[in-house]
Structures are given as structure tokens and as C-alpha cells.
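# Structural overview for review
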Amino acid sequence: MQKKLIALAVAGLMSAPVMAQSNVTIYGIVDVGMVYAKQGDNKFRGVESGTLRASRIGFKGTEDLGNGLKAKFNLEYGIAADTGTALTPRRSYLGLEGGFGFVGLGRQYSPGYDASIRDAGNFLLSGTFTPQAVLAGGAGATIRLAGAARWNNSINYRSKSYGGLEFQAIYALGEKNQDNDRSEDDKLGLGALYKNGPIEANVIYHRIDGGGSSDQKEWMLSGAYDFGVAKVSASWQTVDVGSMENDVWSVSGAIPVSQAGKVSLGYGQLNHEDSDLDADMWSIVYFHDLSKRTTAYAGYTRINNDKGSLRNFAVNADPGNNTDGFAVGVRHFF
């Protein structure tokens, strides 16, 4: 009996360091709001999930492999918090991190997603109220806050930070099972992202292999400066496919109005190769931190669509109708 107790004690001492070197975290966001929207004669009112940020649940973890090397994984899924349905894939990867940076395999964020997050910072990462996020969809861009910027079957490299400067390169395989062009729908993304003190700057390039047709090429330049009394951001991007060229530009600002509150304003334009698909958008949102993890918000946005354009907020109508949208909600991190 005494020998068994000694053996168990030794086993416990040996396993303790291993357990201390591994961890798994469950995290997520619940974001629900009351929404009213009008587009032409169509009106919508209801409770919507993800008005400020998409509701989700995720699992992430690391394991210390020794000599500065770590294994990292992330599994994250979107949830419709207003109905409790629809687990949709967001990102999932497994990778290694060390002195060389990070290398991962799976469904991962492109450099354009990370740059768009920074551009949306004045709107607390909102894909609904941020002009760049909404208008980039009309340009057919993958440099945006959307599923188009999460790339399946990807190999991703991200460098360490060099005085605030990071480099990212990602290649996603289209996995086409065909003889003539197996690289069709392959994607390449390159990015340089800089953040140091009040300054942020990003240069992004994406290319999507068109197979037998023209490749899609995208560029984005964006930056921000925090003046203390206000943070100002600006971005410009272009999407080239064959003879078509679509441009999107936006500016935004965030002004603290109290210790817990701030007002954000933004404006952007989509200049499409087909001028009938042009659109512009402006937004104003008030955010109030109820705690470190919970934020209340109220916002209004206006989208002006040209006769063929259909950029929307909560309601889809016929192309060419302008959209007015208003939302009041709460976002909580856990």
C-alpha cells in the first residue's frame, strides 16, 4: 500500500509541470440589439444578433513544447444569439509559434482582415456601422470584415513584431480537382502592419487566381493617428479584375465624451467601374462601457445607393433604394 501511495505521488509530481505548460480557454461574444431599418417602401424591425460584433463561441489553447516553441490552436464558431441557432465556421487552425514567428494551417484570417479590423477600430470592430466594411462588399473585395477574408485550406506565416512592424504572408489552396488549372481559386495575401504608440499603418495585397479568366488583384493602404482628444482613421483600396476597377475610400473618427463613453463618426464612398453601382455611406454611433467586458451602443447609418446598387442595413429591397438604419444594443465579452 505504501509503495502505491509513493508511486501515485511521484506520478503527480511528474504530471504537474506538463499540466502547467498547457491551457485551453473558452471565450466568446454575445451581441444583441433592437434594429429598425427602412429601404424604399420596405421596413424592418426586430431583434438582431451581431449588430456591433458577430456573436460567437471559441476555444483556444497553447502548449509549451520547450526551447521557446509553442503549439497553438483556435476553433471559433458564429452563433445567431437572437434565435440560438446556426453554428457557422469562423476560423480554425493549428500552428507553431517561436522565435521565427507563427506558422499555421487551417481556416485563417488574411492580412486584409487584420487591416480592416484596425480600420474599424473607431467603431469597436463593427462590420455594420463601418463604411469600409459595408462598401468593400460592393466592390467585390476580400480585404474586408467578412467571411471572404477568412481563407480555407491556408498556410499562414506571421512574423514577430519589429518595433511595432509585423509582416504576414498567407496562401490558400483552392483544391480544384481538375486537369487544366488546379490553381484556380488559389489565394495569396501579403501584408505589412505597423502599430507603435499613436500611429497605425497598413499596406495589404491580395490576389485570387481566376483560372481561365482574369486574376483578381487588390490593394489597400490605411492608417490612423490617436491625437488623444480624437482618433482619426482613413483607408483606400482598389479591386482589379480584368478591365474592371472598383475603389473604396473611407474616413472615420472617435471622440471620447466621458470616461466611459465615446462618439464615432464615419463616411465612405464606393466608386464602381459601373457607375450605376456606386454608393456612399455615413454613420454615427455612441458607445458606453458598462464594464470592461460589457458595452451598450446606439447608432444610426445612412446608405445612398445609385440605381443599380444594393448596399443595405438589415433589410434588402430593390437596387437603387437608399437605406436608413438604427440600432440599440449591448455587447458582452466572456
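Look up: the structure comes first, before these words.
Calculation notes
Residues numbered from 1 in each chain as written. Predicted model: local features only at pLDDT ≥ 70, side-chain atom pairs only at ≥ 80, totals over all residues. Heavy atoms only, no water. Helix = DSSP H or I, 4+ residues; strand = E, 2+ residues; numbered from the N terminus. Buried < 20%, exposed > 50% of the residue type's maximum accessible area, 1.4 Å probe, protein only. Areas by Shrake-Rupley, 256 points an atom, 1.4 Å probe, with all protein chains shown as cover. Lys, Arg positive; Asp, Glu negative; His and termini not counted. Charge placed at Lys NZ, Arg CZ, Asp CG, Glu CD. Pairing = 2+ DSSP bridges. Salt bridge = Lys/Arg side-chain N within 4 Å of Asp/Glu carboxyl O. Polar contact = N/O pair within 3.5 Å; in protein donor to acceptor, adjacent residues only side chain to side chain. Core = buried A, V, L, I, M, F, W, Y, C linked by side-chain atoms within 4.5 Å. Contact = heavy atoms within 4.5 Å.

## Comments concerning the overall build of the protein
- When its secondary structure is counted, the protein shows three helices and 17 strands.
- C-alpha atoms of the protein, sized along the principal axes, occupy 85 × 55 × 40 Å.
- Within the span of the protein, comprising 334 residues, buried residues form 40% of the whole.
- Total accessible area on the protein stands at roughly 16600 Å², and carbon and sulfur atoms take up 58% of it.
- Side chains of the protein give 32 positive and 34 negative charges; the mean places of these two sets differ by 11 Å.

## Describing the pairing of strand S8 (residues 165-172)
- Sheet topology places strand S7 (residues 150-158) next to S8; five bridges connect them, and they run antiparallel. In the strand pairing of S8, Ile155 is matched with Tyr171.
- Two elements, S8 and strand S9 (residues 187-196), share eight bridges in a ladder whose sense is antiparallel. Across the sheet, residue Leu165 finds its bridge partner in S9, namely Tyr194.

## Quick notes on the pattern of salt bridges
- Overall, the coordinates contain 11 salt bridges when judged by the stated rule.
- Across the salt bridge formed by Arg158 and Asp114, the nearest N and O atoms sit 2.7 Å from each other. A residue pair is termed long-range when its members are at least 10 positions apart, and Arg158 in strand S7 and Asp114 in helix H2 (residues 111-119) qualify at 44 residues.
- Look at Arg158 and you get partly exposed, because its relative accessible area is 22%.
- Residue Asp114 is classed as buried on the basis of its relative accessible area, which comes to 14%.
- As a salt-bridge pair, Lys187 and Asp185 come within 3.6 Å of each other at their nearest N and O atoms.
- On the basis of relative accessible area, Lys187 is assigned to the buried category, the value being 17%.

## What about the side chain of Thr238?
- Structurally, Thr238 is set in strand S12 (residues 231-241).
- We classify Thr238 as buried; its relative accessible area is 5%.
- A polar side-chain atom of Thr238 sits 3.5 Å from the main-chain carbonyl oxygen of Asn246.

## Structural notes on the nonpolar core
- Core analysis: the biggest nonpolar cluster contains 22 residues, and Phe129, Leu135, Val285, Phe287 and Phe313 have the highest contact counts within it.
- Elements with a contribution of two residues or more to this core: strand S1 (22-39), helix H3 (131-138), strand S15 (279-289) and strand S16 (294-305).
- If one sorts the elements of this core by residue count, S15 sits on top with four residues.
- For Val285, the contacting residues outside a window of four places in its chain are Phe123, Phe129, Lys262, Val263, Ser264, Tyr297, Ala298 and Gly299.
- Listed in part, the six residues of the second largest apolar core include Tyr109, Tyr113, Ala133 and Ala149.

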